[in-house]
Each structure stands twice: as structure tokens, then as C-alpha cells.
Amino acid sequence: MILIDIFVGAIMLAAAAAAMWVRNLVSAVILVGVVSLAASFIFLRLGAPDVAMTEAAIGSALSTVIFLIVVRRTESHEKGPEVQR
Amino acid sequence: MASLILTAALAVVAVAALMATWQLLRGPDTPTRAASMDVLTSILLPLIVGLAVKSGRGIYIDVSMVYALLSFLGVLSLARYFDRGL
């Protein structure tokens, strides 16, 4: 049982590290969504199902949409070879 | 016997999550990462339901239902972004 928590926590850490290292903004948005997914599971396992429900609704669904809208609105202002779709 | 089968099922789901995470981390392009995020979302649901059966807590089923109802929004917005822009 505790092995599953450690496993999901390892997935969360790997996704967070990759979200820092990746050079693509939309990939970083996807990886942050995976971090939120794993955080919801950790909240559930720590005994807070209502917090897990809120995290699933806000963090995984709504913040991905808002981040994508922000990337779309601001990418015309970005100049440089490292920022790409 | 039932506990053994449940543990084996959770192990299979964990292996599937491992493979989806591998594809998420090394995916060369962004649509691969989007697809693997969708796969990870679908994998987390049987993990939660299996833990609900194993630990005997009914509230996990409710969380799993809310998650299944809401998890399509992120992938839907990503698909819209890849198609013609959000």
C-alpha cells in the first residue's frame, strides 16, 4: 500500500523536474498537469478526499486551460530561438 | 485469494503507469506528451478504485467519479490548441 504512494510520489517528482528542464512551454504545461494529477492522488491518500476533488477540478482541468490560453496570448511577444510551440 | 488478485491488478496498473511516465518524460514532441498525459489520467482511475476496494473506503469511488468526469477538459483544450489554436 505504501509502495503505491511512493510510486506516485516518484512520478510527481520526475514530472516536476522535467517541467523545469523542458524547453517547450506547452510541454511544461502538460508536465505541470501531471504534477497536479499526482498531487491529487497524494491528497487522497493522506486522508483529504475533498481536497483531492478540488485539486482534480481546479488543478488538472482548469489551470491547464488557463495556461494554454496564456501561452497562446503571449507567444507573439516572445522573441528567441528557445521558445517554440 | 481476492486480496492476491487485487494486489496483482494494482501491480499491473503500476507497470502501465511506469510505461506512460517513461513516454511522458522522453517524448520527443508535445503531442506525444499530451497523449501520455491522457493515458496517465486513465491509469490513475483504476488505481484509485483498486485502492478503494483494498482499503474499504467508499469516498475514494466518489473522488474517482469526479476525476473521470473532469479529466477530459485538459486533453480537450490541448487538442484544440494543436488543431487551430485556442
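These lines cover the structure that appears in this document, whether it is placed above or below. This structure is a prediction, so every number in the text was calculated from the model and none was measured. (Residues numbered from 1 in each chain as written. Chains lettered and ligands numbered in written order. Predicted model: local features only at pLDDT ≥ 70, side-chain atom pairs only at ≥ 80, totals over all residues. Heavy atoms only, no water.)

1. With respect to the pattern of salt bridges
A pair can form between side chains of opposite charge whenever their charged atoms are brought close.
Residue and element names in this part refer to chain A.
Stage number 1. Under the defined criterion, the tally for this structure stands at 1 salt bridge over all chains.
Stage number 2. Ionic pairing is found between arginine 45 and aspartate 5, a salt bridge with its closest N-O pair at 2.9 Å. Residue arginine 45 is located in helix α2 (residues 25–45), and its partner aspartate 5 is located in helix α1 (residues 2–21); the two are separated by 40 residues in the primary sequence. (Salt bridge = Lys/Arg side-chain N within 4 Å of Asp/Glu carboxyl O. Helix = DSSP H or I, 4+ residues; strand = E, 2+ residues; numbered from the N terminus.)

2. Concerning the interface of chain A and chain B
Stage number 1. Contacts between the two partners involve 35 residues from chain A and, on the opposite side, 34 residues from chain B.
Stage number 2. Roughly 3100 Å² is buried in total at the junction of chain A and chain B, and carbon and sulfur atoms are behind 81% of that figure.
Stage number 3. Linking chain A with chain B are 0 salt bridges.
Stage number 4. If you look at where chain A meets chain B, you find 4 residue pairs in polar contact (both at pLDDT 80 or more). (Contact = heavy atoms within 4.5 Å. Buried area = accessible area lost by both parts, 1.4 Å probe. Polar contact = N/O pair within 3.5 Å; in protein donor to acceptor, adjacent residues only side chain to side chain.)

3. Points about the nonpolar core
Stage number 1. The biggest cluster of nonpolar side chains holds 43 residues, and the ones touching the most others in it are A:Phe41 and B:Leu47.
Stage number 2. Those elements that provide at least two residues to this core are α1, α2 and α3 (49–74) of chain A together with α1 (2–26), α2 (30–55), α3 (59–70) and α4 (72–84) of chain B.
Stage number 3. Not counting residues within four places of it along the chain, the set of residues in contact with A:Phe41 comprises A:Ile4, A:Asp5, A:Val8, B:Leu44, B:Leu47, B:Ile48 and B:Leu51. (Core = buried A, V, L, I, M, F, W, Y, C linked by side-chain atoms within 4.5 Å. Buried < 20%, exposed > 50% of the residue type's maximum accessible area, 1.4 Å probe, protein only.)

4. So, the side chain of A:Thr64
Stage number 1. Its location among the elements puts A:Thr64 in helix α3.
Stage number 2. Classification of A:Thr64 as buried rests on a relative accessible area of 1%.
Stage number 3. Setting aside residues no more than four positions away along its own chain, A:Thr64 makes contact with A:Val29, A:Gly33, A:Gly59, B:Gly74 and B:Ser77.

5. As for empty space enclosed by the protein
Stage number 1. Inspection of every chain in the model, using the stated rule, returns 1 cavity of 30 Å³ or more.
Stage number 2. Its boundaries defined by the atoms lining it, the largest cavity holds a volume of some 100 Å³.
Stage number 3. A:Phe7, A:Val8, A:Ile11, A:Val34, A:Leu37, A:Ala38, B:Ala17, B:Leu40, B:Ile43, B:Leu44 and B:Leu47 are the residues that line the largest cavity.
Stage number 4. Elements supplying a minimum of two residues to the lining of the largest cavity: α1 and α2 of chain A together with α2 of chain B.
Stage number 5. Among the elements that take part in the lining of the largest cavity, α2(B) stands out by supplying 4 residues, more than any other. (1 Å grid on protein atoms, 1.4 Å probe; cavity = no way out; pocket = protein on both sides within 12 Å on 5 of 7 lines; lining within 4 Å. Points joined across faces, edges and corners; volume = space filled by probe spheres on them.)

Spatial relationships are all this shows, so hold off on functional conclusions.
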